[in-house]
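What the coordinates show
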Amino acid sequence: MHDLHQMIFAPFLEFSFMRRALAGCLALSLGAAPVGVFLTLRRMSLMGDAMAHAILPGTALGFLASGLSLGAMTFGGALAGLAVALASGFVARGTLLREDASLAGFYLISLALGVLIVSTHGSNVDLLHVLFGTVLALDDAALLLLAGIASITLVALAMLYRPLVLECVDPGFLRSVSRLSPLAHHGFLALVVINLVGGFQALGTLMAVGIMILPAITARFWARDVAGLLAAAVITGVASGVAGLLFSYHASVPSGPAIILSAGLVFIASLLFGPRGIVTAWLRKRTHLEA
Amino acid sequence: MSRPAVEFVNLTLGYERHPAVHHVNARVRRGALIAMVGPNGAGKSTLLKGILGELRPLEGYIRLDADLGRDIAYLPQQADIDRGFPVTVFDLVAMGLWREIGAFGGVRGAAGRRVLEALSAVGLAGFARRDIGALSGGQFQRLLFARLLLQDAPLILLDEPFNSVDARTARDLMALIERWHREERTIIAVLHDLEQVRSHFPETLLMSRELIGCGPTGEVLTAENLLRARRLNEAFDEDAAVCRRRA
């Protein structure tokens, strides 16, 4: 019992940086995981990855202008992400390019620009900070930002829930009964961007998308309807955050990758043993129902 | 002729400047049950998208009866719907109540009962809690008709309503369409089966990018018109010059 306490609770009880990291992971999971559910349901899982890279130049310019200022980097990142999302949306509607191709074009330009700015004006330490985040060094402002993003996301998703679901299942029907289709589409893209900016503060640009997508795809093996998927994704996100932080603490490894690896392990376990996973399906195949 | 429900005036609709519907002038009277017929690529679905306001005309315009507002019920082709999405039959059909419940209203009590009644009317009683992905093609088409029932709209647009359904389902769905016709709703249906059109649809609009004919089915579906429709459709030219035709 004592060992269990030492292993699981003591790190959080003894160190405030661990408690802050835990609060940060909780806020991230509450916001990013539900957004990830809708991204995967819209078959846009890789779009999150692209957008995570797209925010880099804005963040780098914010860093150049104000150093390691949370406000400037967040504002710059959100601006760059929204610009790429809107530009690719307009190109997809106005030209022969589809949205995935136009997004690839703009995010690659954005990423190259970001790496150029960071590598010519910052040190390697800055680059590491941007790429891998600092979940173990979240200050009050960063925690408030993450909590704010989670709150905005949950309220916005509650308001956009029905149009978003219809936009996924039957967009033609939504357009025929309501003018909310563009709001659902662009509002959702804005939620993706602000959650990636929040995730980037804690986990870095490379890892931020992990806490968005891995819990969402894990949830598919546990739940059947959208409400269940949202709940399962948030629980998976929180559990991965706790497990990753403990793994990082005990094994002395970087926390960002540890959290995403934990989420990855939960995904693999669910893929195999979840109620809708491979093994369960195989076992069920040996029997059948009457009707 | 009484005030039309839908009027096409010198209407040209298309994609990337290529007309899919070219200089069409036609009127659909209120309360009409009209089949829209023509070869593949004749512009039938494009015309429906034009009525829905999804496509902006390249030339001309579509005038909808002001009394109808934009109260239009639309049956899309099944290919336009993501049937792998985890939503139940009840929830998708309930969206037919959108004009009453909007983005936030609940579907409990009387509204919930209406959803179940609509499901029952199309022969899907007992299917409410199933995922839409578990339905067959015919059952899914019945689901979409249940949603149309709840929309209770004066103008109904049906894009290939009998595609991939068996004879019994087609008969049941046709009975619903005839019920709507008796209720004096205006119904425009894109169809391919000419025998079905001759048996059940009093009026027909024959398209082949251009209007071939619009009026009583017997007068429109002549061998001569059908041959003309086929020839016109085959005359499509990717390298066509700029159209100079005026209204």
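The following paragraphs examine the structure supplied in this document. (Residues numbered from 1 in each chain as written. Chains lettered and ligands numbered in written order. Predicted model: local features only at pLDDT ≥ 70, side-chain atom pairs only at ≥ 80, totals over all residues. Heavy atoms only, no water.)

1. A word on the interface of chain A and chain B
Facing the 25 residues of chain A at the interface are 28 residues of chain B. Among the residues of chain A in contact with chain B, Arg162, Val169 and Phe173 of chain A are the three that bury the most area, contributing 31% of the side total. Counting across the chain A and chain B interface gives 4 salt bridges. The partner of Asp170 of chain A in a salt bridge is Arg147 of chain B, and the shortest N-O contact between them spans 2.6 Å. (Contact = heavy atoms within 4.5 Å. Buried area = accessible area lost by both parts, 1.4 Å probe. Salt bridge = Lys/Arg side-chain N within 4 Å of Asp/Glu carboxyl O.)

2. Considerations on the pattern of salt bridges
On inspection of all chains with the given rule, the structure shows 17 salt bridges over all chains. Between Glu54 of chain B and Arg175 of chain A there is a salt bridge; the shortest N-O distance is 3.5 Å. Placement of the pair is Glu54 of chain B in the loop between helix H1 (44-52) and strand E4 (59-64) and Arg175 of chain A in helix H9 (residues 171-177), with the two residues belonging to separate chains. Here Arg175 of chain A falls in the partly exposed class, since its relative accessible area comes to 41%. The residue Asp152 of chain B makes a salt bridge to Arg185 of chain B at a minimum N-O spacing of 2.8 Å. Of this pair, Asp152 of chain B sits in the loop between helix H5 (137-151) and strand E6 (155-159) while Arg185 of chain B sits in the loop between helix H6 (167-182) and strand E7 (186-190), placing them 33 residues apart in sequence. Given the relative accessible area of 46%, Asp152 of chain B is considered partly exposed. Exposure remark for Arg185 of chain B: the relative accessible area of 14% places this residue in the buried category. Put simply, Asp152, Arg179, Glu183 and Arg185 of chain B are held in one network by salt bridges that share partners. (Helix = DSSP H or I, 4+ residues; strand = E, 2+ residues; numbered from the N terminus. Buried < 20%, exposed > 50% of the residue type's maximum accessible area, 1.4 Å probe, protein only.)

3. A word on a nonpolar patch on the surface
All names here are of chain A. Taken together, Ile268, Leu272, Phe273 and Ile278 make up a surface patch of nonpolar side chains, about 380 Å² in accessible area. With 3 residues, the top contributor of residues to the nonpolar patch is helix H13 (residues 255-273). Relative to the helices and strands, Phe273 is located in helix H13. (Patch = residues over 30% accessible without salt bridge, like charges linked within 9 Å, V, L, I, M, F, W, Y side chains within 5 Å. Areas by Shrake-Rupley, 256 points an atom, 1.4 Å probe, with all protein chains shown as cover.)

4. Some words on the sheet that holds strand E1 (residues 4-15) of chain B
Residue and element names in this part refer to chain B. Taken in spatial order, the 3 strands of this open sheet run E2-E1-E4, and their pairing is antiparallel. Edge positions in the sheet fall to strand E2 (18-29) and E4, since each of these pairs with one other strand and no more. Sheet twist, expressed as the mean angle between neighbouring strand axes with direction ignored, is 15°. Pairing of E1 with E2 involves 8 bridges; the strand directions are antiparallel. (Pairing = 2+ DSSP bridges. Axes fitted to C-alpha atoms, helices over the stretch in contact; angles between N-to-C directions.)

5. Remarks on helix H12 (residues 226-251) of chain A
Side chains that are three or four residues apart share a direction in an α-helix, a result of its 3.6 residues per turn. Between its first and last C-alpha, H12 of chain A extends 36 Å over 26 residues, near the 38 Å set by a 1.5 Å rise per residue. A positive phi of about 50° marks Ser252 of chain A, the residue just after H12 of chain A. (Expected span 1.5 Å × (residues − 1).)

6. As for the side chain of Ser262 of chain A
All names here are of chain A. Within the secondary structure, Ser262 is located in helix H13. What makes Ser262 buried here is its relative accessible area of 10%. At 2.8 Å, the side chain of Ser262 forms a polar contact with the backbone oxygen of Ala258. For Ser262, the contacting residues outside a window of four places in its chain are Ser240, Ala243 and Gly244. (Polar contact = N/O pair within 3.5 Å; in protein donor to acceptor, adjacent residues only side chain to side chain.)

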